[in-house]
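# Summary of structural features
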Amino acid sequence: MKYILPENVEYRKVKKPVWKGLGDCPQVPGQVYEKRYEKLYEKMDEAGLDAVVIYGDREHYSNFRYLAAFDPRFEEGVLVAHRNGKNYVLLGNECLNLYRECKVAAEPILCQILSLPNQPMDAFQSMEESFCRAGIRDGMRIGAVGWKLFTGRAEGNHFDIPSYMADALKAVAGAGNVRNATGIFIDPEKGIRIINDVHTIAALEYGASEASRRLAEMLEALEPGKSEAELGAYLNSKGRVMSCHPLLATGANRARGLVSVTDDKVQKGDAFCASMGLEGGLSCRAGYVAEGIDDLEEGARDYLEKLAKPYFAAVATWYEAVGIGMAGGEIYQAIQAILPKETYGWVLNPGHLIGTEEWLSSPFYPGSQTTLKSGMLVQMDMIPGMEGYSGPNCEDGICIADMELQKELEEIYPEVWERMNARKQYMKEELGIVLKPEVFPMSDIAGWFNPFALNKDMAFAIV
């Protein structure tokens, strides 16, 4: 594997990324949902399951919506999918009518316990009664699907659904017949959601594009004297579903982590971090509200050489390494070699899979044999931190597409295909980052990183 070193990183004048209008957001057609159920049935047969019970709430909805074609609003929801093809969707008072959004037929069941506190319970039935109405019987083998995996020392048959649901399932089907099945959906090696079809990619590319543009507009407007709240207004979802909270923190607030905006005014020399995430991708930039090193505190004036350039060397290495057949452990080791975590203080995986949620799962961990595949959407995500410095960040996502998927994108979604190729060309010509033939940026600003946000015509590039 080719390693890019800090001495290959140059801070220089570059052309800014440019983009065309996005048009309408592609919609995922009904036949895609039918194929998703077929993939689910294959996994259920392998696991010996009679039914899966899929939990969703306002934040943890992606596995639910993957099959239901909608996500619960305000309330919780449960989709019960039987191997015999019968489906039920359990919803509270305010979400019940959303069952009509299902692309594959599902019988609605009003389950008022899923509603908000103190809402009407005039048609109340217990969780056990609701599961019985949804066809679950004693002795059936049930897979419970929440939203996370239990790995490492946390491995075991834990449940990532509310206890009142897990207890009810055990009471109805038998305690020994209920198991955690979230991995069927999001396991980085075998999950059914890790590989995306052309229609899903097109819909998610729209979100990734929009999020990156909102962040780029904020960076263009960034200047001393403006408040975090004023700048945060640029991180506007325009009514579309967000994959995570928006973030804009400057100065002393930068050290507070994942906090909401305040009315504090931006000052020259401040550290800053900003991110925007819509379904399909998150874009993040972190650096300094500065024109150059002279605007930094004296102890941080070696920021470029000590932290920012090594970070970007690892970023460029990541982008050039990802591709079909590459093992996650190899990429982890490459990042560790260039940017050792013991020195640079990063604690999360150096990248992860992405979907309608910001973090689906990750193949990038020590010794991982999970290989990258066509149809994956992958986020470049490294967050270093060294005492006395603001950690740099230039997080964005890419799509991996073999020749067959590339052809589908070109034929069915030519505007998406054009955007992804234009970004790829920009990264090569302006930034010196050469992606593999099967790798395409989802974000309009992928690879573009200016650690000194007030010097707006400058950025890092590889030489």
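What counts, and where the lines are drawn
- Residues numbered from 1 in each chain as written.
- Predicted model: local features only at pLDDT ≥ 70, side-chain atom pairs only at ≥ 80, totals over all residues.
- Heavy atoms only, no water.
- Buried < 20%, exposed > 50% of the residue type's maximum accessible area, 1.4 Å probe, protein only.
- Helix = DSSP H or I, 4+ residues; strand = E, 2+ residues; numbered from the N terminus.
- Contact = heavy atoms within 4.5 Å.
- Salt bridge = Lys/Arg side-chain N within 4 Å of Asp/Glu carboxyl O.
- Phe/Tyr/Trp six-rings, centres within 6.5 Å; stacked < 30°, edge-to-face > 60°.

### Structural notes on helix α9 (residues 328–338)
Every α-helix carries 3.6 residues per turn, so stepping three or four residues along brings you back to the same face. When you tally the buried positions in α9, you get eight out of eleven residues, the bulk of the element. Every buried residue belonging to α9 is among G328, G329, I331, Y332, A334, I335, Q336 and I338, and all of these are buried. Elements that come into contact with the buried residues of α9 comprise α8 (303–321) and α10 (341–344).

### Here we look at the pattern of salt bridges
Overall, the coordinates contain 24 salt bridges when judged by the stated rule. Across the pair R141 and D50 runs a salt bridge, and its minimum N-O distance is 3.2 Å. In this pair, R141 is assigned in the loop between α3 (127–133) and β6 (142–145) and D50 in the loop between α1 (30–47) and β2 (51–56), connecting sequence segments 91 residues apart. Taking the relative accessible area as the measure of exposure, D50 reaches 24% and is therefore partly exposed.

### Concerning the packing of aromatic side chains
Applying the stated criterion to the full structure yields 14 aromatic pairs. Seen from their ring centres, F312 and F460 are 5.3 Å apart, and the 40° between their planes marks the pair as tilted. Of this pair, F312 sits in helix α8 while F460 sits in strand β15 (residues 458–462); the two residues are 148 residues apart in sequence, bridging distant segments of the chain. Overall, the relative accessible area of 0% leaves F460 in the buried class.

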